[in-house]
Amino acid sequence: MKVTKAVIPVAGLGTRMLPATKSIPKEMLPIVDKPLIQYVVNEAVQAGIKDVIFVTHSSKNAIENHFDRSFELESTLEKRVKRQQLAEIRAICPKNITIMHVRQGEARGLAHAISKARELVRGEPFAVILPDVLIDDYSCNPLKDNLKEMISRFEENGRTQIMVEKVARESVSSYGIIDFAANAVAEKTDENGRAIYAQGSFLPVSNLVEKPAVEDAPSDYAIVGRYVLSDNIWDYLEYTPLGAGDEIQLTDTLKLLLRENEIEAYVLKGKSMDCGSKLGYIEAFINYSMHDPRYADELKKYVEKLLKL
Ligand code: G1P
């Protein structure tokens, strides 16, 4: 069955990014000249998604407004003959894409957020995209087909797909960590003798743990915020108990699902950028700016000058 829907949870209060996020949704923070959420929606659209479902909160109206038409702004730009800006504003939400919203009244975790989208997803498989994580790093980059590949794989074999990436051993407690099944073959080992799996490969999963202590982590491979789920996920969402941080965790739902179904890990090609932390956000801003042909040359000169000081 075709995957044409994506659920994007945006109800979180962004406490890790305070004070910037006191009255601005964290998803509206800019990277170069576009809000984070626009990169994520672009990624979904490029992967073939037609319906985007935001699971949102009363404080997040700016996201809804960003993807809506603004007649006042458009007519002002028209009068001033600002054609390029006008085209850019109109392209924010492509015409064949439907944006929908549903509220998550209380913050009870990622699995709880996803369960709110049930009526809008209506018995179809769907992608889940966490907006803190950017993986389509710069425009015109071949890495942008990561989500598309996961969707194609799901459409071929119907197995739940999760995107994973190797992380530093000391940071495993910030992520959902997976274990690969015994028949998953590693490509090589790192300097500590730990397995490295080939980027772009699909490998069977045997376990998942949300935010484990370093000593309990079954591997160094973290879930990085992209999932393709089949419509039987709803049964397991309903029975997922409270987990790490006293929240209902999607990782725990997937662990329940794994008892009766197969899950495949897709090893991300390239690198993700976690914009949910201040340092990660600053790094992403620099990375995107340095790859933007409009600013790259001037910026490089400026950074070189700064580094000499
Ligand atoms: C969520 C998921 C976690 C995943 C992480 C990064 O955690 O629960 O499994 O590894 O996103 O995509 P959060 O960052 O919301 O605490």
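Use the structure listed above.
Let me sum up the structure you'll find in this document. All values reported here derive from a predicted model rather than from experimental measurement.

Quick look at the site of the ligand
Inference 1: Taken together, Leu130, Val133, Tyr175, Gly176, Glu210, Lys211, Ile223, Val224, Gly225, Gln249 and Thr251 are the residues near the ligand.
Inference 2: A distance of 2.7 Å separates an oxygen atom of the ligand from a polar side-chain atom of glutamate 210.
Inference 3: At 2.7 Å from an oxygen atom of the ligand is found a main-chain nitrogen or oxygen belonging to isoleucine 223.
Inference 4: In isolation the ligand exposes 380 Å². Once the protein is present, 78% of that is buried.
Inference 5: Looking at the shell around the ligand element by element, the count peaks at 3 residues for strand 13 (residues 221-229).

Here we look at the packing of aromatic side chains
The geometry of an aromatic ring pair is captured by two quantities: the separation of the ring centres and the angle between the planes.
Inference 1: Taken as a whole and judged by the stated rule, the model has 8 aromatic pairs.
Inference 2: Consider the rings of tyrosine 281 and phenylalanine 285, whose centres lie 6.3 Å apart with planes at 75°: the pair is edge-to-face. On the criterion of helical spacing, the pair formed by tyrosine 281 and phenylalanine 285 is a turn pair, its members being 4 residues apart in helix 10 (residues 278-290).
Inference 3: Residue classification places phenylalanine 285 among the partly exposed positions, given a relative accessible area of 29%.
Inference 4: These aromatic residues form a ring-pair network of at least three members: Phe180, Tyr197 and Tyr221.

Thoughts on the pattern of salt bridges
Inference 1: Inspection of every chain in the model, using the stated rule, returns 25 salt bridges.
Inference 2: For the salt bridge of aspartate 132 with lysine 26, the shortest nitrogen-to-oxygen distance reads 3.1 Å. A residue pair is termed long-range when its members are at least 10 positions apart, and aspartate 132 in the loop between strand 6 (126-129) and strand 7 (133-134) and lysine 26 in the loop between strand 1 (5-9) and strand 2 (30-31) qualify at 106 residues.
Inference 3: You can call aspartate 132 buried: its relative accessible area is 18%.
Inference 4: In this structure lysine 26 comes out as buried when scored by relative accessible area, which is 17%.

Regarding the pairing of strand 1
Inference 1: Of all 5 residues that make up strand 1, 5 are buried, and the element is covered over most of its length.
Inference 2: Going residue by residue along strand 1, you find Lys5, Val7 and Pro9 tucked away on one face and Ala6 and Ile8 tucked away on the opposite face as well.
Inference 3: Pairing of strand 1 with strand 4 (residues 51-56) involves 5 bridges; the strand directions are parallel. Pairing of alanine 6 across the sheet is with valine 52, part of strand 4.
Inference 4: For strand 1 and strand 6, the ladder comprises 2 bridges, and the chain directions are parallel. Opposite valine 7, over in strand 6, you have valine 128 as the bridge partner.

Some thoughts on the nonpolar core
Inference 1: By size, the foremost hydrophobic cluster in this structure holds 45 residues, and its most contacted members are Ile8, Ile31, Ile37, Phe54, Phe67 and Leu134.
Inference 2: Secondary-structure elements contributing two or more residues to this core are strand 1, helix 1 (36-46), strand 4, strand 6, strand 7, helix 7 (146-157), strand 13 and helix 10.
Inference 3: Examining the composition of this core, we find that 6 residues originate from one element, helix 1, more than from any other.
Inference 4: Excluding residues within four positions of it along the chain, phenylalanine 54 makes contact with Ile8, Val10, Ile37, Val41, Ile63, Phe67, Ile99, Met100, His101 and Val102.
Inference 5: Listed in part, the 41 residues of the second largest apolar core include Val7, Ile178, Ala184 and Ala265.

Quick word on unusual backbone geometry
Inference 1: Proline 19 follows leucine 18 through a cis peptide bond whose omega is 5°.
Inference 2: Relative to the assigned elements, proline 19 resides in the loop between strand 1 and strand 2.
Inference 3: For arginine 122, which is not glycine, the phi dihedral falls at a positive 50°.
Inference 4: The class of arginine 122 is exposed, set by a relative accessible area of 66%.

Digging into the side chain of serine 272
Inference 1: Of note, serine 272 is situated in the loop between strand 14 (263-267) and strand 15 (273-274).
Inference 2: What makes serine 272 buried here is its relative accessible area of 15%.
Inference 3: Polar contacts involving the side chain of serine 272 include one to the side chain of glutamate 165, which spans 2.6 Å.
Inference 4: If we ignore the near neighbours within four places in the chain, the residues touching serine 272 are Val133, Leu134, Ile135, Glu165 and Val224.

Overview of the environment of proline 125
Inference 1: Looking at where proline 125 falls in the secondary structure, it is placed in the loop between helix 6 (118-121) and strand 6.
Inference 2: On the basis of relative accessibility, which here comes to 3%, the residue proline 125 falls in the buried class.
Inference 3: Taking C-alpha positions, proline 125 is 9.0 Å from glycine 158, a pair spaced 33 residues apart along the chain.

Procedures and definitions
Residues numbered from 1 in each chain as written. Predicted model: local features only at pLDDT ≥ 70, side-chain atom pairs only at ≥ 80, totals over all residues. Heavy atoms only, no water. Near = heavy atom within 4 Å. Polar contact = N/O pair within 3.5 Å; in protein donor to acceptor, adjacent residues only side chain to side chain. Areas by Shrake-Rupley, 256 points an atom, 1.4 Å probe, with all protein chains shown as cover. Helix = DSSP H or I, 4+ residues; strand = E, 2+ residues; numbered from the N terminus. Phe/Tyr/Trp six-rings, centres within 6.5 Å; stacked < 30°, edge-to-face > 60°. Buried < 20%, exposed > 50% of the residue type's maximum accessible area, 1.4 Å probe, protein only. Salt bridge = Lys/Arg side-chain N within 4 Å of Asp/Glu carboxyl O. Pairing = 2+ DSSP bridges. Core = buried A, V, L, I, M, F, W, Y, C linked by side-chain atoms within 4.5 Å. Contact = heavy atoms within 4.5 Å.

From the geometry alone we can't say anything about function, so treat these as descriptive.
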